[in-house]
Amino acid sequence: MTRSTTVSGASARSRARRSRALGRLVFLGPGLTYLLVLLLIPLALLISFTIFRRGRFGGVVYEVTGKNFARLLDPLYLDVLLGSLKLATIATLIALLIGYPTAYLIAQLPRKWKTIALVAIVLPFWTNFLVRIYAWIILLSGPGLVNSTLLDLGLIDKPLELLYNQGTIVTGLVYSYLPLMVLPLYAAIEKLDPQLREASANLGASPARTFASVTLPLTLPGVFTGCLFVFVPSFGNFIIPELLGGGRSIMVGNLIRDQFLKARDWPFGSTLALALIAVLIVLLLLQAWSARRA
C-alpha cells in the first residue's frame, strides 16, 4: 500500500512537471518563434554568406573562400571602422556629459514634475526618426533658422556651413539617442538612498566630494548602461551620416548598406556585418564585467 502510494505520488508530480513545462512552452512559444524566424535564421544565413564569394553580377556564389575576411584588413575599411568608433565614442561622451546632470536634476524634482520631465525626455520618440532628422537639415541649412537668426543679430556676415560635416553627424547622434542615456541614469540615481549623501555631508564632505565618492560610484551601472545604449546604435547608424553628413563621412553602417544594395556584394557585406556584431558583443561583455565590478 505504501509503495503504491509512493508510485502514485511520483506519477502525480511527474504530470505536474509536464503540465508546468507545457504551460511555459505555450507562453514562451510566440517569443521563441519570433526570435527563431526573425533573428536566428537571418543571422545564420549572414554568417554562412561570409565564407562564399560574390558572383560576377552580384549575389552569392557558393564557393568557399577566405578573401572576405582578408579584405577586412584593407586600410580603407579599417579607416571606416576606426572613424565610426571615433564618432560613436564622441557622441556617447557628449551624451553622458549632458545626460548625467539632466538625470540628476530630474531625480531631485517633486514627483509631479518628475513625470512631466520624463515625458519631455521621451517626447521626441513619438515623432518619426526621419522627420526629426529632416528637421535638423531645415534648421542648419544655409537659409535655415540658425543662420537666419545669426545674420539678423549681426553675429555673422554670411551663412555658415553647418551641414555635411562630422560635427553635424555627432550632433544628430547625440540628439537622437540622448533619451537612451538619460533614462538609465535617472533610474540609477532615483534608487540611490539619499541618506548616504546626507551622511557624507554630515561628515564634512563638500558637495563635489560627496558626488565623487558616493553618488558617482553607486550610479556607475547606470552610466555603463546608458553609454552602451547610445554607443551601439550610434556605431551602426547609417541614416544620420547619409542625411546630415551628406555622405562625406562614411560610417560602418553606410559601408554595409552599400555592399548589399549598391555593390551587391552580399558575402563581403555579411562579413562586415559579422565584424560589427563581434565588436558589439565585446562591448556588451565589457559592460557586463564593468557593471559587476562596480
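See the structure printed just above.
So, how was this worked out
Residues numbered from 1 in each chain as written. Predicted model: local features only at pLDDT ≥ 70, side-chain atom pairs only at ≥ 80, totals over all residues. Heavy atoms only, no water. Phe/Tyr/Trp six-rings, centres within 6.5 Å; stacked < 30°, edge-to-face > 60°. Helix = DSSP H or I, 4+ residues; strand = E, 2+ residues; numbered from the N terminus. Buried < 20%, exposed > 50% of the residue type's maximum accessible area, 1.4 Å probe, protein only. Lys NZ or Arg CZ within 6 Å of the ring centre and 35° of its normal. Axes fitted to C-alpha atoms, helices over the stretch in contact; angles between N-to-C directions. Parallel < 35°, antiparallel > 145°, perpendicular 65-115°, else oblique. Contact = heavy atoms within 4.5 Å. Nonpolar A, V, L, I, M, F, W, Y, C, P; charged D, E, K, R; others polar. Polar contact = N/O pair within 3.5 Å; in protein donor to acceptor, adjacent residues only side chain to side chain.

1. Some details on the packing of aromatic side chains
Then step 1. On inspection of all chains with the given rule, the structure shows seven aromatic pairs.
Then step 2. Pairing Phe-52 with Tyr-62 gives two aromatic rings, centres 5.0 Å apart and planes at 75 degrees, and the pair type is edge-to-face. A residue pair is termed long-range when its members are at least 10 positions apart, and Phe-52 in the loop between helix 1 (2-49) and strand 1 (53-54) and Tyr-62 in the loop between strand 2 (60-61) and helix 2 (67-71) qualify at ten residues.
Then step 3. The class for Phe-52 is buried, based on a relative accessible area of 14%.
Then step 4. A centroid spacing of 5.6 Å and a plane angle of 20 degrees characterise the contact between Phe-231 and Phe-235, whose relative ring orientation is stacked. You can see Phe-231 and its partner Phe-235 sitting in helix 10 (residues 220-235), four residues apart, about one turn around the helix.
Then step 5. The class of Phe-231 is buried, set by a relative accessible area of 10%.
Then step 6. Three or more aromatic residues joined by ring pairs form one cluster here, namely Phe-49, Phe-260 and Trp-266.
Then step 7. Lying over the aromatic face of Phe-268, Arg-71 brings its terminal NZ or CZ to 3.8 Å of the ring centre.
Then step 8. Positioned over the ring face of Trp-113 is Lys-112, at 5.5 Å from the centre of the ring.

2. A closer look at unusual backbone geometry
Then step 1. Positive phi, normally seen in glycine, also occurs at Tyr-164, with a value near 60 degrees.
Then step 2. Turning to its location among the elements, Tyr-164 is positioned in the loop between helix 6 (145-152) and helix 7 (166-190).
Then step 3. Here Tyr-164 falls in the partly exposed class, since its relative accessible area comes to 36%.
Then step 4. A positive phi is found at Arg-264, a non-glycine position, where the angle reads about 55 degrees.
Then step 5. Within the secondary structure, Arg-264 is located in the loop between helix 12 (252-261) and helix 13 (266-293).
Then step 6. The class for Arg-264 is partly exposed, based on a relative accessible area of 39%.

3. What about the packing of helix 5 (residues 129-140) against helix 6?
Then step 1. In the contact formed by helix 5 and helix 6, the axes pass within 4 Å of each other and the chain directions differ by 25 degrees. Between helix 5 and helix 6, the interaxial angle falls into the category roughly parallel. Along its contact with helix 5, which presents Ile-138, Leu-139 and Leu-140, the element helix 6 presents Leu-145, Val-146 and Asn-147.
Then step 2. Classifying every residue of the contact of helix 5 with helix 6 by side-chain character gives five nonpolar, one polar and no charged.

4. Some remarks on the side chain of Ser-200
Then step 1. Considering the arrangement of structural elements, one finds Ser-200 in helix 8 (residues 194-202).
Then step 2. Side chain to side chain, Ser-200 and Thr-210 meet in a polar contact 2.9 Å long.

So yeah, pure geometry; function would need other evidence.
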